[in-house]
Amino acid sequence: MQLYDKTFESRLLLGTALYPSPAIMAEAARASRAEILTVSLRRESAAQRTGQDFWALIRETGATVLPNTAGCHSVKEAVTTAQMAREVFNTSWIKLEVIGEADTLQPDVFGLVEAARILSEDGFAVFPYTTDDLVVAERLVEAGCRVLMPWGAPIGSGRGLNNPYALRTMRAHFPDVPLIVDAGIGLPSHAAAAMELGYDAVLLNTAVAKAGDPVRMAQAFAKAIEAGRAAYEADPMEMRDMAAPSTPVLGKAFLA
Amino acid sequence: MTLIINGQPEDQAAETLFDLVETLGLADAMVATALNGAFVPAAARRRTALTEGDRVEILAPMQGG
């Protein structure tokens, strides 16, 4: 799988928040075989230096880091956060979130497109967290995005793919753009469904971090994503409205 | 003078952003700085003067989804 300037084997992108402990987070990341981990920037306390410890842990995984602009509600906040992330993480990669509403955490699509344009022009490789709106997606591509990350369901909701029809449409509309379902995944079956739709990858966090056994769940997700991708590549059968027997009719005995 | 550092008012003598980061013991840390909402690259901290009431954000890598 190619995303901007890098190639990857794994199609699972994993978030690093909400785990019971940093050690479990690192173990889950390893178990998931994710090669891309999302991170954020938050206030650092000089006394505790929590960020420094966290960064050491992330570096140990050897994963590619994808910083996010989580919590940003304006273009200005998102752009400033991206600039800071670029310096701290030494990467031009940015998961762009411009949040429009606190209950749904849905993107402010207008701000998102504007921020995507500003950041793309400034040399960032933008991974926009977006809705399944095709027009917004078009604008994001026009603004310079070479990857799109439409939601499955609201962040952290665990509901899966709320609108598979819209996701299917988006896949058909952007055949050459890497598409990553990001947000709302709850179960490995959701991730498999996204892969069966032909999506290039899945990004999730809460589904693993808030599972009773995050490490086991991370393994399950890795398997599900592999299965879903294999299914997609194996050209699945067509669905039918009526039954069609699999056992041959010819040669059946008359035993009435 | 009083500076708002990571949302908390503090009395600090540092005159530049560079001095402030050093005073806080974060000179060797992986952090990014912003002054009054604008990003200040590390290389520019020495020549970034601080004035009374300035809002400084010092951010580091943290968990995120």
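Every chain begins its residue count from 1, and numbering advances along the sequence as written. Think of it this way: whatever chain is written first is A, whatever ligand is written first is 1, and the rest follow in order. Residue-level local features of this predicted model are given only where pLDDT is at least 70; pairs of side-chain atoms are given and counted only at 80 or more, and the full residue set underlies all totals for whole chains, interfaces and linings. The side-chain values count all of the structure's non-hydrogen atoms but skip hydrogen atoms and water molecules.

**Q** Tell me about the sheet that holds strand β7 (residues 125-130) of chain A, and please be specific about residues and values.
**A** Residue and element names in this part refer to chain A. When DSSP finds at least two bridges between two strands, those strands are taken to pair. In DSSP terms, a helix is any run of H or I states spanning at least four residues, a strand is any run of E spanning at least two, and both are numbered starting from the N terminus. With respect to topology, three strands assemble into an open sheet ordered β6-β7-β8, the strand pairing being parallel. Only two strands of the sheet have a single neighbouring strand rather than two, namely β6 (93-96) and β8 (149-150). Looking at chain direction, β7 and β8 are connected through two bridges and run parallel. From the neighbouring strand, Thr-130 faces β8, where its bridge partner is Pro-150. In what follows, residue pairs with any heavy atoms lying within 4.5 Å of each other are defined as contacts. A fitted line through C-alpha atoms represents every axis, and for helices the fit uses only the stretch in contact; the resulting angles, taken between N-to-C directions, go from 0 to 180 degrees. Against the sheet, helix α4 (residues 109-121) contacts β6 and β7, and its axis sits at roughly 175° relative to β7.

**Q** Residues and numbers for unusual backbone geometry, please.
**A** Glycine aside, negative phi is the norm for most residues, and most peptide bonds take the trans geometry. Residue and element names in this part refer to chain A. Positive phi, close to 75°, is recorded for Leu-18, a residue that is not glycine. Note on placement: Leu-18 falls in the loop between β3 (12-15) and α1 (22-32). At Ala-183, a residue that is not glycine, the phi angle is positive and equals roughly 105°. Residue position: Ala-183 is located in the loop between β9 (180-182) and α7 (188-196).

**Q** Just give me the short version of the packing of aromatic side chains, but keep the residues and values in it.
**A** Residues and elements named next belong to chain A. In this analysis, rings of Phe, Tyr and Trp, with Trp reduced to its six-membered ring, are considered paired at centre separations within 6.5 Å, and the interplanar angle assigns stacked below 30 degrees, edge-to-face beyond 60, and tilted for intermediate values. As enumerated under the stated definition, the model contains four aromatic pairs over all chains in all. Ring geometry for Phe-8 versus Trp-93: centroids 6.0 Å apart, planes at 65°, classification edge-to-face. A residue pair is termed long-range when its members are at least 10 positions apart, and Phe-8 in the loop between β2 (6-7) and β3 and Trp-93 in strand β6 qualify at 85 residues. For the pair shown, Phe-8 and Trp-93 are each scored as buried. Here the term buried applies to any residue with accessible area under 20% of the maximum for its type, exposed to any over 50%, and partly exposed to those in between, with areas from a 1.4 Å probe on protein chains only.

**Q** Go over the UniProt feature "domain: Thiazole synthase ThiG" (unreviewed entry) in chain A, please, and point to the residues and values.
**A** UniProt positions are given in the numbering used here, feature names are shortened, and annotations may be inferred rather than shown by experiment. The sites that UniProt annotates as "domain: Thiazole synthase ThiG" (unreviewed entry) are residues 3-248 of chain A. Overall, residues 3-248 of chain A shows 42% helix and 15% strand. The separation of its end C-alpha atoms is 46 Å.

**Q** Quick one: what's the story with the UniProt feature "binding site: 1-deoxy-D-xylulose 5-phosphate" (unreviewed entry) in chain A, residue by residue and with numbers?
**A** Feature annotation in UniProt places "binding site: 1-deoxy-D-xylulose 5-phosphate" (unreviewed entry) on Gly-156, Ala-183, Gly-184, Asn-205 and Thr-206 of chain A, given in this structure's numbering. Sequence-wise these annotated residues cover 51 residues; spatially they are packed, their C-alpha atoms never more than 9.0 Å apart. Within the fold, Gly-184 of chain A resides in the loop between β9 and α7. With near-sequence residues (within four places) excluded, Gly-184 of chain A lies in contact with Ala-153, Pro-154, Ile-155, Gly-156, Ser-157, Gly-158, Arg-159 and Gly-160 of chain A. Mapped onto the elements of the fold, Asn-205 of chain A is located in the loop between β10 (201-204) and α8 (206-209). If near-sequence neighbours (up to four positions away) are discounted, Asn-205 of chain A is found in contact with Gly-15, Thr-16, Ala-17 and Tyr-19 of chain A together with Gly-64 and Gly-65 of chain B.

**Q** Which residues make up helix α5 (residues 134-142) of chain A, and what values do they have?
**A** All names here are of chain A. Taken together, the buried positions of α5 are occupied by Val-136, Ala-137 and Leu-140. End-on view of α5: buried residues confined to an arc of 100°, all on one side of the axis. Next to the buried residues of α5 lie α4, β7 and α6 (164-173). We define a polar contact as two N or O atoms separated by no more than 3.5 Å, with the added condition that, inside protein, one atom must be a possible hydrogen donor and the other a possible acceptor, whereas residues neighbouring each other in sequence contribute only through side-chain atom pairs. Its side-chain oxygen 2.8 Å from the backbone nitrogen of Val-135, Asp-133 forms the N-cap of α5. One or two steps after α5, the chain reaches Gly-144, where phi turns positive at roughly 120°. Throughout, the arc means that of the directions going from the helix axis to the C-beta atoms.

**Q** Go over the pairing of β3 of chain A with me, naming the residues and quoting the values.
**A** Residue and element names in this part refer to chain A. Neither face of β3 is left uncovered, since the one carrying Leu-12 and Leu-14 and the one carrying Leu-13 and Gly-15 both have all their residues buried. Looking at chain direction, β3 and β10 are connected through three bridges and run parallel. Pairing of Leu-14 across the sheet is with Leu-204, part of β10. Alignment of β3 against strand β4 (residues 36-43), held across three bridges, turns out to be parallel. Across the sheet, Leu-13 pairs through a bridge with Ile-36, a residue of β4. Between the parallel elements β3 and β4, the chain passes through α1 in a crossover that is right-handed. Looking down the strands as they point away from the viewer, one classifies a crossover as right-handed if the path from the first strand across the helix to the second runs clockwise.

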